[in-house]
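Spelled out, the chains give:
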Amino acid sequence: MTIGFYHIEPATCLAPMAGHTNRAFRELCRELGGLGLVCTELVSSQALEYSRQRAMSFFDFDPSEAPMAVQLFGGDPQTMAEAARLVVDLGAPMVDINMGCWVPKVVKKGGGAALLGDVCQATAVVEAVCKAVEVPVTVKVRSGLTAASETAVPFARAAEECGVQAIAVHARSAEQGFSGRPDWGVITRVRQAVNIPVFGNGDLTTLEEALQMQRETGCHGWMVGRAALGAPWIFAQWAGLLPGGIPPLPWRAAVALRHLQLTERFSSLNEFKAVRELRGQLSRYDLGVREQLVRLENYAQARELLKRLSGGVELTDLREHWRPPHLPAPESGATERPQSPVPP
Ligand SMILES: Cc1cc2nc3c(=O)[nH]c(=O)nc-3n(C[C@H](O)[C@H](O)[C@H](O)COP(=O)(O)O)c2cc1C
């Protein structure tokens, strides 16, 4: 897949997830392999306008992460254009426009999913951003405000005309939130309506499901969110770089330890706040130590706990020694996740 001047290989994107897909997690997924594109969590264009200094503290991206997109939200074309110019000046390789977030603080300001209800305004925002910057602009949408008022297709056509270079479709309406099943039909309709790359998004957990989505909708690539939380190796598994299945406890702990190291290196938060955020992120690795995780207060405590659980396993040995799925002996305290098939 090509987005502007970037070759996206493989055509798999880590979905933006506020509170999770910070630089540390993006770097971790990239290190493990099999991931073509990453995106920051959403940043308010208004916040950038009113308090640049403070808003800058939200940023933890680095131009070396390319191909990557910085995601902006907002409903005012000029403010969005200004914000896009600013992030590109800071080195953003791509700009993504959020048109799917339905949380009140985003929608009340006319951004995120609110734009799905007003294709004209959404188009004005996209047009202003595309005119403001020379880097590729992408958008992330849901099917519409409600299932009955699908706007993704007319909006996708308009966005392509404005110069948008790729579109990700979360196959649910804003009203649905995360409930119900995604309707892949909207991905098919968007795919048929435009000539730019389309990422299919919503509930993908295995390579099998992803391939089925691709067969049924014709999407060019996949965007994966929640299935990667506590399982940043999922992209490497789908790309055939690691065996499928749930890695044994020491490996999961070794990956969690790397997550911690990258957080120490890259977090824009102070240690207290970063560790509070990490507690939730680390609990996703099913390490069987939830009570100890909630009591973590600093990096040193987290390091000691994860080192003990990893038993000295080195992440560099990962590809050679990760046991294939038919071998692992289940560890006590660890819960099982569905297995990803090993690609041929
Ligand atoms: C905790 C969380 C935070 C999210 N934050 C964002 C965000 O900042 N921007 C965005 O466009 N979507 C956001 N999303 C939506 C995801 O990008 C994705 O569209 C959604 O989770 C569906 O994909 P999945 O089923 O693979 O998780 C978020 C989702 C979750 C669970």
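Preceding this section is the structure that the text describes.
A short tour of the structure in this document, coming up. (Residues numbered from 1 in each chain as written. Predicted model: local features only at pLDDT ≥ 70, side-chain atom pairs only at ≥ 80, totals over all residues. Heavy atoms only, no water.)

1. Regarding the site of the ligand
Our working definition: For this purpose, a residue is taken to be near a molecule or strand whenever a single non-hydrogen atom of the residue falls within 4 Å of it. For the purposes of these results, a polar contact is taken to be a pair of N or O atoms within 3.5 Å, where, inside protein, one atom must be able to donate a hydrogen and its partner to accept one; residues adjacent in sequence count only when each atom of the pair is a side-chain atom. The Shrake-Rupley method, run with a 1.4 Å probe, gives the accessible areas here. Residue values count only the displayed protein chains as cover.
Lining the immediate environment of the ligand, one finds 18 residues, of which Pro16, Gln71, Asn201, Asp203 and Arg226 sit closest. Within the side chain of Lys140, an N or O atom sits 2.9 Å from an oxygen atom of the ligand. Between the ligand and the protein, one listed contact pairs an oxygen atom with a backbone N or O atom of Gly225 at 2.8 Å. Protein burial of the ligand: of its 610 Å² of free accessible surface, 87% is covered by the chains.

2. What to know about the pattern of salt bridges
What counts, and what does not: We count a salt bridge whenever a side-chain nitrogen from Lys or Arg sits within 4 Å of a carboxyl oxygen from Asp or Glu. Secondary structure is summarised from DSSP: a helix means a run of H or I of at least four residues, a strand means a run of E of at least two, and numbering begins at the N terminus for each. Only protein chains enter the accessibility calculation, which uses a 1.4 Å probe; a residue whose area is less than 20% of its type maximum is buried, one above 50% is exposed, and one in between is partly exposed.
Inspection of every chain in the model, using the stated rule, returns twelve salt bridges. In this structure, Glu65 and Arg26 form a salt bridge, with 2.8 Å as the shortest nitrogen-oxygen distance. In this pair, Glu65 is assigned in the loop between helix H3 (52–56) and strand S6 (68–73) and Arg26 in helix H1 (residues 23–32), connecting sequence segments 39 residues apart. Glu65 sits in the buried class, given a relative accessible area of 4%. Residue class for Arg26 comes out buried when judged on its relative accessible area of 1%. Across the salt bridge formed by Arg226 and Asp203, the nearest N and O atoms sit 2.8 Å from each other. Taken together, the residues Arg226 in the loop between strand S11 (221–224) and helix H10 (234–238) and Asp203 in the loop between strand S10 (198–201) and helix H9 (207–217) connect sequence positions 23 residues apart. Under the relative-accessibility criterion, Arg226 is labelled partly exposed at 41%. Ionic contacts of the salt-bridge type, sharing partners, join the residues Arg23, Arg26, Glu27, Asp60 and Glu65 into one network.

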